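Here's the letter readout for the chains.
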Amino acid sequence: MIIQRVVLNSRPGVNGVPAAENFHMEEATLLDKMSEGQIKVRTLYLSVDPYMRCRMNENSGSDYILPWKLSEVASGGGIGIVEESKDACFSVGDFVTSFNWPWQTKAILEGKQIEKIDPHLVDGHLSYFLGAAGLTGLTSLLGIREKGHVTQGANQTMVVSGAAGACGSLAGQIGFLEGCSRVVGICGTNEKCSILVSEMGFDAAINYKEEDLVQQLHVLCPGGVDVYFDNVGGDISAAVIGQMNPNSHIILCGQISQYNKDVPYPPPLPPAIEEIRKARNITRERFLVLNYMDKYPASTMQLCQWIKEGKLKVRETVVKGLENIGAAFQSMMSGGNIGKQIVHVSD
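What counts, and where the lines are drawn
- Residues numbered from 1 in each chain as written.
- Predicted model: local features only at pLDDT ≥ 70, side-chain atom pairs only at ≥ 80, totals over all residues.
- Heavy atoms only, no water.
- Helix = DSSP H or I, 4+ residues; strand = E, 2+ residues; numbered from the N terminus.
- Expected span 1.5 Å × (residues − 1).
- Buried < 20%, exposed > 50% of the residue type's maximum accessible area, 1.4 Å probe, protein only.
- Arc of directions from axis to C-beta.
- Contact = heavy atoms within 4.5 Å.
- Phe/Tyr/Trp six-rings, centres within 6.5 Å; stacked < 30°, edge-to-face > 60°.
- Core = buried A, V, L, I, M, F, W, Y, C linked by side-chain atoms within 4.5 Å.
- Pairing = 2+ DSSP bridges.
- Axes fitted to C-alpha atoms, helices over the stretch in contact; angles between N-to-C directions.
- Lys, Arg positive; Asp, Glu negative; His and termini not counted.
- Salt bridge = Lys/Arg side-chain N within 4 Å of Asp/Glu carboxyl O.
- Polar contact = N/O pair within 3.5 Å; in protein donor to acceptor, adjacent residues only side chain to side chain.

Caption draft 1: Layout of helix 8 (residues 296-308). The end-to-end C-alpha distance of helix 8 is 18 Å, a good match for the 18 Å that 13 residues give at a rise of 1.5 Å each. Burial in helix 8 covers these residues: Tyr-296, Ser-299, Thr-300, Leu-303, Cys-304, Trp-306 and Ile-307. Around the axis of helix 8, the buried residues are gathered within 160° of arc, so they sit on the same side. When the buried face of helix 8 is taken as reference, the exposed residues oriented beyond 90 degrees from it are Pro-297 and Ala-298. The secondary structure elements touched by the buried residues of helix 8 are helix 2 (135-148) and helix 3 (166-178). Downstream of helix 8 by a residue or two, Gly-310 has a phi angle that is positive, lying close to 80°.

As structure tokens, this is what we get:
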């Protein structure tokens, strides 16, 4: 069977900016023969995420993320439908997902690498399992619960950077649901600011490209900042940390501003900001959602319940066609998405 797949065509270099041309779509042959325990799937949706920038380097800089190999198929979060099964746990027509789904139109996967998903949990929005009801939602929820120290009735203020992105847009809403009394988002366009306030329920949003961030944080967070959900790092985080209260907490989710630079993760703070962090006893611990797998089932059910109740609003930026996945990745890395960036491969 002839299928289409997307391979890593070139590396941008550790300090380079990724481009659509780093990926290449080609035809390949999918073997008809399947072994026991395998299933054949048709790809419906693929996810592109900031962490994948690390996979474009020869060394991902991480012991839990493997680099993609040149001229070999890329992979990431994916959802598909079972077309043939040699695994008793899966039947034709089942919807399934995996964190290591190959970027191709059809694939043969090991049954033990995938899990079944129930569309009814998300009112039929299957792609939500790559975002709000998947690893993105889990990262936001468990990050806040494990590292945010949010307490109901404690009158805490949360700031979220990268607030219109996949994690950020969920994190602000979850901050409210978990007990924060005020949530302020930071993003890069007026349109994003408007959506955060009008759709996502943020109290306020700051366009860091057009406004004085330090001044606006003073105005919008008069009582200081108690919880900072950090998706970006760099100068934005330095500005927020300067406004943080004693014994406050940074949830270190991502550092997208640093991903095109050859620096360790998490990147060290500038000396003056590190002094502030130490003097005020601000926690800044690395958060890795993969360390909390025992909490996935209950947390996923909580996310799905909030989505069904309308308490968690979900935004997606959907690009159609596997051939456009490189462009979708490039756009997401430069802030072109609102909410989760999804590639719709087939119906």
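Now that the structure has been shown, we can carry on.
Caption draft 2: Up close: the environment of Cys-187. Here Cys-187 lies in strand 9 (residues 182-187). C-alpha of Cys-187 to C-alpha of Lys-209: the two residues are 22 residues apart in sequence and 8.2 Å apart in space. Residues in contact with Cys-187, not counting those within four places in the same chain, are Ala-164, Lys-192, Cys-193, Leu-196, Ile-206, Asn-207 and Tyr-208.

Caption draft 3: Structural detail: the packing of aromatic side chains. This model, assessed by the stated rule, comprises six aromatic pairs. Between Tyr-51 and Phe-99, the ring centres sit 5.9 Å apart and the planes meet at 25°, which makes this aromatic pair stacked. Separated by 48 residues along the polypeptide, Tyr-51 in the loop between strand 3 (38-47) and helix 1 (52-55) and Phe-99 in strand 5 (residues 95-102) bring together distant segments of the chain. Judged by its relative accessible area of 39%, Phe-99 is partly exposed. Following the ring pairs from residue to residue traces out a cluster consisting of Phe-23, Trp-68, Trp-103 and Phe-329.

Caption draft 4: Examining the nonpolar core more closely. One finds Ile-144, Val-160, Ile-174, Leu-196 and Phe-229 to be the most contacted residues of the largest nonpolar core, which totals 49 residues. Top contributing element to this core by residue count: helix 8, with five residues. Apart from residues no more than four positions distant in its own chain, Val-160 is found in contact with Gly-168, Ala-171, Gly-172, Val-183, Val-184, Gly-185, Ile-186, Phe-202, Phe-229 and Asn-231. With 29 residues, the next largest nonpolar core counts Leu-8, Val-82, Ile-114 and Leu-322 among its residues.

Caption draft 5: Structural context of the sheet that holds strand 12 (residues 244-252). Reading across the sheet, the six strands line up as 10-9-8-11-12-13 and stay open at both edges, with parallel pairing between neighbours. Only two strands of the sheet have a single partner each, and these edge strands are strand 10 (204-207) and strand 13 (283-286). Along the sheet, successive strands turn relative to each other by an average axial angle of 20°, direction set aside. Inspection of the sheet shows strand 11 (residues 225-230) paired to strand 12 by five bridges, in the parallel sense. Bridge assignment links Asp-230 to a residue of strand 12, and that residue is Leu-252. Lying on the sheet, helix 2 is in contact with strand 8 (157-161), strand 11, strand 12 and strand 13; it crosses strand 12 at an angle near 145°.

Caption draft 6: Focus on helix 4 (residues 190-198). Burial in helix 4 covers these residues: Lys-192, Cys-193, Ile-195 and Leu-196. Mapping the buried residues of helix 4 onto a view down its axis gives an arc of 165°, with all of them on the same face. Summarising the geometry of helix 4, the exposed residues directed more than 90 degrees from the buried face are Glu-191 and Ser-198. Each element contacted by the buried residues of helix 4 is listed here: strand 9 and strand 10.

Caption draft 7: Quick look at the side chain of Arg-55. Of note, Arg-55 is situated in helix 1. This buried residue, Arg-55, is left without a salt bridge; Asp-49 holds the nearest opposite charge, at 8.7 Å. In this structure the side chain of Arg-55 is engaged in a polar contact, spanning 3.2 Å, whose partner is the backbone oxygen of Ser-75. Not counting the four nearest positions on each side in its chain, Arg-55 is found in contact with Arg-11, Ile-65, Leu-66, Pro-67, Trp-68 and Ser-75.

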